[in-house]
Amino acid sequence: EERDVTPWAIETLTASLLSAEYVLPPGSPSPGAIASVSKVSKLEGNASHASVRSKKKYIYEFALTLEWELTLGDAVTQKCTGEVTFPDIDGTVELGEGYDIVKYKVDAST
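What you are looking at is a predicted structure, and each value in this text was computed from that prediction instead of being measured. (Residues numbered from 1 in each chain as written. Predicted model: local features only at pLDDT ≥ 70, side-chain atom pairs only at ≥ 80, totals over all residues. Heavy atoms only, no water.)

Quick look at the environment of Thr81
Here is step 1: Positionally, Thr81 belongs in strand S5 (residues 78-90).
Here is step 2: As for Thr81 and Ser48, which are separated by 33 residues in sequence, their C-alpha atoms are 33 Å apart. (Helix = DSSP H or I, 4+ residues; strand = E, 2+ residues; numbered from the N terminus.)

Here we look at helix H1 (residues 6-19)
Here is step 1: Between its first and last C-alpha atoms H1 spans 20 Å; for 14 residues at 1.5 Å apiece the expected length is 20 Å, and the two agree.
Here is step 2: Within the sequence span of H1, burial applies to Thr6, Ala9 and Leu17. Around the axis of H1, the buried residues are gathered within 60 degrees of arc, so they sit on the same side. What points out from H1, more than 90 degrees from its buried face, is the exposed set Pro7, Trp8, Glu11 and Ser19.
Here is step 3: Those residues of H1 that are buried are in contact with strand S1 (2-4), strand S3 (34-52) and strand S4 (55-72). (Expected span 1.5 Å × (residues − 1). Buried < 20%, exposed > 50% of the residue type's maximum accessible area, 1.4 Å probe, protein only. Arc of directions from axis to C-beta. Contact = heavy atoms within 4.5 Å.)

Describing a nonpolar patch on the surface
Here is step 1: A contiguous nonpolar surface patch, about 320 Å² in accessible area, is contributed by Tyr58, Tyr60 and Tyr99.
Here is step 2: One can find Tyr58 in strand S4.
Here is step 3: A relative accessible area of 57% places Tyr58 in the exposed class. (Patch = residues over 30% accessible without salt bridge, like charges linked within 9 Å, V, L, I, M, F, W, Y side chains within 5 Å. Areas by Shrake-Rupley, 256 points an atom, 1.4 Å probe, with all protein chains shown as cover. Salt bridge = Lys/Arg side-chain N within 4 Å of Asp/Glu carboxyl O.)

What to know about the environment of Ala50
Here is step 1: Its location among the elements puts Ala50 in strand S3.
Here is step 2: Using a relative accessible area of 7% as the deciding quantity, one classes Ala50 as buried.
Here is step 3: Sequence-wise, Ala50 and Gly96 are 46 residues apart; in three dimensions their C-alpha atoms are separated by 25 Å.
Here is step 4: Dropping the residues within four chain positions of it, Ala50 is found in contact with Glu1, Glu2, Lys55, Lys56, Lys57 and Ile59.

Next up, the structure:
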């Protein structure tokens, strides 16, 4: 039996992405700079789970576009913004392989 969990998946994925941030480590061009997702501008797809021979299978496929922000921790705070699109996020990608990016835009620093 397969059960649609798309609304839950979209809500949970959106909340998780909006709370994610990455702090650039020492040795990077701007140590301490913070990269974060500022908006999930597109999130389309579906998610379900099924029981097959007493095993649970999680099935999902999404396309998403994120707006991001990088805050540099210099004496004068500077921000860079941009957008990135992932056209095909699904369960066929092995851990550590990553996903294809089709559009990547960086706006001027403010």
